[in-house]
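# Residue-level structural notes
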Amino acid sequence: MKPSTLAVFLLVLLFLSYSPQGSMADPGMCGLKCGMRCAKASAKDRCLKYCGICCAECKCVPSGTYGHKDECPCYRDKKSSKGTPKCP
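This report concerns the structure included in the present document. Residue positions are given per chain, counted from 1 along the sequence in the order it is written. Only residues with pLDDT of at least 70 are given local features in this predicted model, and only at 80 or more are side-chain atom pairs given and counted; all residues enter the totals for whole chains, interfaces and linings. To get the side-chain values, take all heavy atoms of the structure and skip hydrogens and water.

## Considering helix H2 (residues 30-37)
Within the span of H2, buried status applies to Cys-30, Cys-34 and Arg-37. Taken down its axis, H2 places every buried residue within 55° of arc, on the same side. Summarising the geometry of H2, the exposed residues directed more than 90 degrees from the buried face are Gly-31, Leu-32 and Met-36. Think of it in three bands: with a 1.4 Å probe and only protein chains considered, a residue is buried below 20% of the maximum accessible area for its type, exposed above 50%, and partly exposed in between. Helical segments are the DSSP runs of H or I of at least four residues, strand segments are the runs of E of at least two, and each set is numbered from the N terminus. Here the arc refers to the directions that run from the helix axis out to each C-beta atom.

Right, here's the structure in full:
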C-alpha cells in the first residue's frame, strides 16, 4: 500500500470515528460517564443522580466536568419544574 493511500485511509477512519454528539452512552455506561462528569461537583450525590436520569433519557453525556452542553442538545435542553437546567 502506498503511503498516500494509507494516509487517506487513516484520515477517513479518523473522520468516521469522530462524534460531535459528546459522549454517546448506552445505559450501562451512564455510571462511568456521569462519574467523570461529576468528578469535581460539590454535591456529588445530587450530580450523579440527575446526570444518570439525563443520560438514560438522552443517551449522551457532555465531555468534561462542566459546560460543553452543546455537544448533547437533549441534555442541554432538559429543565426542572422550576425552569432551571436539570442536567449537570
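Back to the text.
## With respect to the nonpolar core
Think of a nonpolar core as a cluster: buried Ala, Val, Leu, Ile, Met, Phe, Trp, Tyr and Cys residues, connected wherever their side-chain atoms sit within 4.5 Å. If you look at the biggest cluster of nonpolar residues, it comprises 13 residues, and the most contacted ones within it are Cys-34, Cys-51, Cys-55, Cys-58, Val-61, Cys-72 and Tyr-75. At the level of elements, H2, helix H3 (44-58) and strand S2 (60-61) are the ones that each hand at least two residues to this core. It is H3 that provides the largest number of residues to this core, a total of five residues.

Bear in mind that shape data such as this cannot, by itself, settle questions of function.
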